[in-house]
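Chain by chain, the residues:
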Amino acid sequence: DQQVKQNSPSLSVQEGRISILNCDYTNSMFDYFLWYKKYPAEGPTFLISISSIKDKNEDGRFTVFLNKSAKHLSLHIVPSQPGDSAVYFCAASYNSGNTPLVFGKGTRLSVIA
Amino acid sequence: NAGVTQTPKFQVLKTGQSMTLQCAQDMNHNSMYWYRQDPGMGLRLIYYSASEGTTDKGEVPNGYNVSRLNKREFSLRLESAAPSQTSVYFCASSDDPGTYGYEQYFGPGTRLTVT
């Protein structure tokens, strides 16, 4: 049973526009959420995180929104750049991060110049 | 700082052969992890070690063993490789969780093919 779901396997966006990547979770105990970015033949790299006490966290072009009642989070990238083309993984943990991360299956983002 | 290093980068095994994947980190992290990534499956946790001397099973531990050799090193062993273990293996490490969680740092991966 998948606890973290990324229902869109892929997404294409034009350069300069907004990219919105979505993630849903089923375990209401999750209280910490992260986004990772992965380029081919490399390990994932941490992008941004949010705790359940917040509903928004921003870092430059990247913003993560958390809707606890809907068990939904989204990653917004504005403006999108060709270098953002990668696979994005959503991950979740509970007990304030004291449990291993549970990852979604990932969404492949293609930013078209 | 090299971060998290993994060896080898690529490996081809025959069914039934054994091998050990090596992982080391130089960030003085207490926690280390082994994941596998399969097409369309995301990252699945095999084993993790919250501190030197302790190991715990993750989501998919069958067919694997681990050793936390010291604080820096965490190895993954396949005793009798099977084609179902063909995958990309990632090692990761993290600091102790803070009040609101932690981030994991990943190595570059080992691509393993079992024929």
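On a predicted model such as this, the values are computed, not experimentally measured, just so you know.

Undergrad: Before we move on, can you summarise the overall build of chain B with the specific residues and values?
TA: The secondary structure content of chain B amounts to zero helices and 11 strands. Reading the secondary structure of chain B in the N-to-C direction produces β-β-β-β-β-β-β-β-β-β-β. Here the C-alpha atoms of chain B give a radius of gyration of 14 Å, agreeing with the 13 Å that 2.2 N^0.38 yields for 115 residues. The principal-axis extents of the C-alpha atoms in chain B amount to approximately 45 × 30 × 25 Å. Per-residue burial over chain B gives 47% buried out of 115 residues. Sequence separation of at least 24 residues holds for 56% of the intrachain contacts in chain B that already meet a minimum separation of 6. Here chain B contributes 10 positive and 10 negative side-chain charges, whose respective centroids are spaced 10 Å apart.

Undergrad: Describe the pairing of strand β11 (residues 110-114) of chain B, and please don't skip the residues or the numbers.
TA: Two faces belong to every sheet, and in a regular strand the side chains alternate between them. Residues and elements named next belong to chain B. Here β11 shows a clear split, with Thr 110, Leu 112 and Val 114 buried on one side and none of Arg 111 and Thr 113 buried on the other. Sheet topology note: the strand β2 (residues 10-13)/β11 ladder contains four bridges and is parallel. Directly across from Val 12, in β11, lies its bridge partner Thr 113.

Undergrad: So what's going on with the sheet that holds strand β8 (residues 74-78) of chain B? Which residues, and what values?
TA: The pairing of strands in a sheet comes from backbone hydrogen bonds and takes either a parallel or an antiparallel form. Residues and elements named next belong to chain B. Spatial strand order, β1-β3-β8-β7: four strands in an open sheet with antiparallel pairing. Of all the strands in the sheet, just β1 (4-7) and β7 (65-68) have a single pairing partner and so form its edges. Neighbour-to-neighbour, the strand axes of this sheet turn through a mean angle of 15°, independent of strand direction.

Undergrad: A description of the packing of aromatic side chains should follow, citing residues and the corresponding values.
TA: Evaluated as defined, the whole model comprises 15 aromatic pairs over all chains. Summarising the aromatic geometry, the rings of A:Phe103 and B:Phe106 are spaced 6.2 Å apart at their centres and angled 80° between planes, so their arrangement reads as edge-to-face. Taken as a pair, A:Phe103 in strand β10 (residues 102-103) and B:Phe106 in strand β10 (residues 104-106) lie in two separate chains rather than in one. Within the aromatic cluster, the residues linked to one another by ring pairs are A:Tyr36, A:Phe46, A:Phe89, A:Phe103, B:Tyr33, B:Tyr35, B:Tyr48, B:Phe90 and B:Phe106.

Undergrad: I'd like a description of the interface of chain B and chain A, backed by residues and values.
TA: Reports of interface size often rely on the accessible area that becomes lost once the parts have come together. Contacts between the two partners involve 20 residues from chain B, matched on the other side by 22 residues from chain A. Buried area between chain B and chain A, summed over both chains or domains, comes out near 1700 Å², and the portion from carbon and sulfur atoms is 62%. On the surface where chain B and chain A come into contact, there are zero salt bridges. Along the contact surface separating chain B from chain A lie one residue pair in polar contact (both at pLDDT 80 or more). Tallying contributions element by element places strand β5 (residues 42-49) of chain B first for the side of chain B that touches chain A, with four residues. Among the residues forming the side of chain B that touches chain A, the class breakdown is 11 nonpolar, eight polar and one charged.

Parameters and conventions
Numbering of residues starts from 1 in every chain and runs along the sequence as written. The naming scheme follows written order: chains are lettered A onward, ligands numbered 1 onward. A pLDDT threshold of at least 70 governs which residues receive local features in this predicted model, and a stricter bar of 80 or more applies before side-chain atom pairs are shown or counted, although totals over entire chains, interfaces and linings include all residues. Derived side-chain values reflect all non-hydrogen atoms in the structure, with water molecules and hydrogen atoms excluded from consideration. A helix here means a DSSP run of H or I that spans at least four residues, while a strand means a run of E at least two residues long, and both kinds are numbered starting from the N terminus. Only C-alpha atoms enter the radius of gyration; for comparison, a globular chain is expected to reach 2.2 Å times N to the power 0.38, where N is the number of residues. For every residue, the accessible area obtained with a 1.4 Å probe (protein chains only) is divided by the maximum for its type, and the residue is called buried under 20%, exposed over 50%, and partly exposed between those limits. Throughout, a contact is declared for two residues whenever any of their heavy atoms are within 4.5 Å. Counted charges follow a simple rule, with Lys and Arg positive, Asp and Glu negative, and His plus the chain ends left uncounted. Lysine's charge is taken at NZ, arginine's at CZ, aspartate's at CG and glutamate's at CD. A strand pair is defined by DSSP finding two or more bridges across the two strands. Axes here refer to lines fitted to C-alpha atoms; in helices the fit is confined to the stretch in contact. Angles between the N-to-C directions go from 0 to 180 degrees. Think of it this way: a Phe, Tyr or Trp ring, Trp meaning its six-membered ring, pairs with another when their centres are within 6.5 Å, and the plane angle makes it stacked under 30 degrees, edge-to-face over 60, tilted otherwise. Here the buried area means the combined drop in accessible surface, using a 1.4 Å probe, for two parts upon being joined, counting both sides. Each reported salt bridge corresponds to a side-chain nitrogen of Lys or Arg within 4 Å of a carboxyl oxygen of Asp or Glu. Between N or O atoms, a polar contact is any pair within 3.5 Å; within protein, one atom must be a potential hydrogen donor and the other a potential acceptor, and residues adjacent in sequence are included only when both atoms are from side chains. Ten residue types, Ala, Val, Leu, Ile, Met, Phe, Trp, Tyr, Cys and Pro, are classed as nonpolar, four, Asp, Glu, Lys and Arg, as charged, and the remainder, Gly among them, as polar.

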